Amino acid sequence: MTDFTLKRELLLKAVKDGQYPRHLYKYRSDSELTEAIFTNLSLWFSAPQSFNDPFDCNLSEVSSHTQEEADQFLHHILEGRPDRDELLSRGTTVAKAENVLAASKDTVLSQTGVLCLSTSFDSLLMWSHYTNSHKGLVIEFDITQDADFFLSPIKVKYTDNYEPTNYFIDQHATITKIISTKASCWSYENEVRIIKNGVTGAVPINPKAIRRIIFGCKSDRAFIAKVRNACSTPQLQHVQFSKLAITYAKFALGLREVET
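Computed from a predicted model, the values in this text were never measured in an experiment.

Student: So what exactly am I meant to see when it comes to the packing of helix α5 (residues 94-110) against helix α7 (residues 171-180) here?
Tutor: How two helices pack is summed up by the angle between their axes together with the distance between the axes. Viewed as axis vectors pointing N to C, α5 and α7 meet at an angle of 60°, and their least axial separation amounts to 11 Å. Taken together, α5 and α7 sit at an angle that is classed as oblique. Two packed elements cross with a definite hand, and for α5 against α7 that hand is right-handed. Between α5, through K105, V108 and L109, and α7, the contact on the second element is made entirely by I175, I178 and I179. When its residues are assigned to classes, the contact of α5 with α7 shows 5 nonpolar, no polar and 1 charged.

This is the structure in C-alpha cells:
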C-alpha cells in the first residue's frame, strides 16, 4: 500500500467513524467564475500569499536561532546533493542560514495550493462576506466520492496568541502550523483547508462529489437558471438544489425547495 493510498483509507475511516465530517461546503459569489466550477468540474487552489488576511499563513518566526539549529537546517536543505559534504565542510553562519530560511519558506508556501472550505452551510457571516451578500451559493461536497481530491485536509485552529515557529527545527511541522492557524476572530468560518503540495490553480474534481447546490436568500432567478443549466449535463444530473430563506422571528436561515 502506497503512502497516498494509506492517507486515502485513513480519511475514509475517519469519516466512517465520525471523526471527520462527510460533507464540506464552499461559499461562492454569483459570478461567471462560480458557474465555471460546474462547466469545468474543477476548483481553484490558491497560494497562501494571495489570502486577504495579512496574518493568514504569516506566523512569526522565533526572534533568534542558535548555531546548532542553523547547522541542523543546513544538513536538511543539502540532503541528496552530490556536493553536500563539501558544502557542509564550509559551514554557515546563523545570519546566512536565516536568509535561506526566509527564501525557503516563501518558496514552499508559493507552491502549496489551499482550498478553503467550511463545515457549515448556513452561517450568516459567511453568506454576507463570501457570496456577494447572499446572492451567490454554497456547494455541498461529499468527500467520500472523491477522497483523493480532499487529501490532505487540515482543520483550522483559532487562537489569539501562538508560539512563534522554528523553521530550522522542523520544516514540515512549521508549514502545517502556518497554514492551519488563524486569529480567533475568524472562528465563525469553521474552516477546513484542503492542501495540495506543489500544486496551485485549477484541480479537477469527480462530479459525483458535488452533492448539492444551495442558493442564497437573495439569489435571483437568472443566476439560479444559469447554474441549473450548467448542471444539466449527464455528469451532474444527480445534483440537488435548495435555497435559503430568512426564518420567521429568528436570525437564522432555513432550507427551502428551489422554485422552478
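Student: Sorry if this is basic, but what is going on with the nonpolar core here?
Tutor: In a soluble, globular protein the nonpolar side chains are often hidden away together inside. If you look at the biggest cluster of nonpolar residues, it comprises 37 residues, and the most contacted ones within it are F38, F150, I213 and F215. When contributions to this core are tallied by element, the ones reaching two or more residues are α1 (3-16), α2 (32-40), β2 (42-45), β3 (112-118), β4 (137-142), β8 (191-197), β10 (210-215) and α8 (221-230). If one sorts the elements of this core by residue count, α8 sits on top with 4 residues. Contact partners of I213, with chain neighbours within four places excluded, come to F38, L137, V138, V227, C231, V239, Q240, F241 and S242. In this structure, F73, L109, I175 and I178 belong to the second largest nonpolar core, which totals 17 residues.

Student: Mind showing me how you'd approach the layout of surface pockets here?
Tutor: Left-over empty space is what a probe sized like a water molecule reveals as it rolls over the atoms. Considered as a void within the structure, the largest pocket measures approximately 890 Å³ in volume. Lining the largest pocket we find 34 residues, and of these K26, Y27, R28, S46 and C116 sit closest to its centre. With 5 residues, β3 is the single largest residue contributor to the lining of the largest pocket. Counted by class, the lining of the largest pocket contains 16 nonpolar, 10 polar and 8 charged residues. Taken as a whole, the second largest pocket holds about 480 Å³ of empty space. Lining the second largest pocket are 20 residues, with T112, H172, I195, K196 and N197 sitting closest to its centre. When contributions to the lining of the second largest pocket are tallied by element, the ones reaching two or more residues are α1, α5, α7 and β8. The dominant element in the lining of the second largest pocket, judged by the number of residues it contributes, is α7, at 5 residues. Of the residues that constitute the lining of the second largest pocket, the class distribution is 8 nonpolar, 9 polar and 3 charged.

Parameters and conventions
- Residues numbered from 1 in each chain as written.
- Predicted model: local features only at pLDDT ≥ 70, side-chain atom pairs only at ≥ 80, totals over all residues.
- Heavy atoms only, no water.
- Axes fitted to C-alpha atoms, helices over the stretch in contact; angles between N-to-C directions.
- Helix = DSSP H or I, 4+ residues; strand = E, 2+ residues; numbered from the N terminus.
- Parallel < 35°, antiparallel > 145°, perpendicular 65-115°, else oblique.
- Left-handed = near helix turned anticlockwise from the far one by under 90°.
- Contact = heavy atoms within 4.5 Å.
- Nonpolar A, V, L, I, M, F, W, Y, C, P; charged D, E, K, R; others polar.
- Core = buried A, V, L, I, M, F, W, Y, C linked by side-chain atoms within 4.5 Å.
- Buried < 20%, exposed > 50% of the residue type's maximum accessible area, 1.4 Å probe, protein only.
- 1 Å grid on protein atoms, 1.4 Å probe; cavity = no way out; pocket = protein on both sides within 12 Å on 5 of 7 lines; lining within 4 Å.
- Points joined across faces, edges and corners; volume = space filled by probe spheres on them.

It is worth stressing that arrangement in space is one thing and function is another; only the former is reported here.
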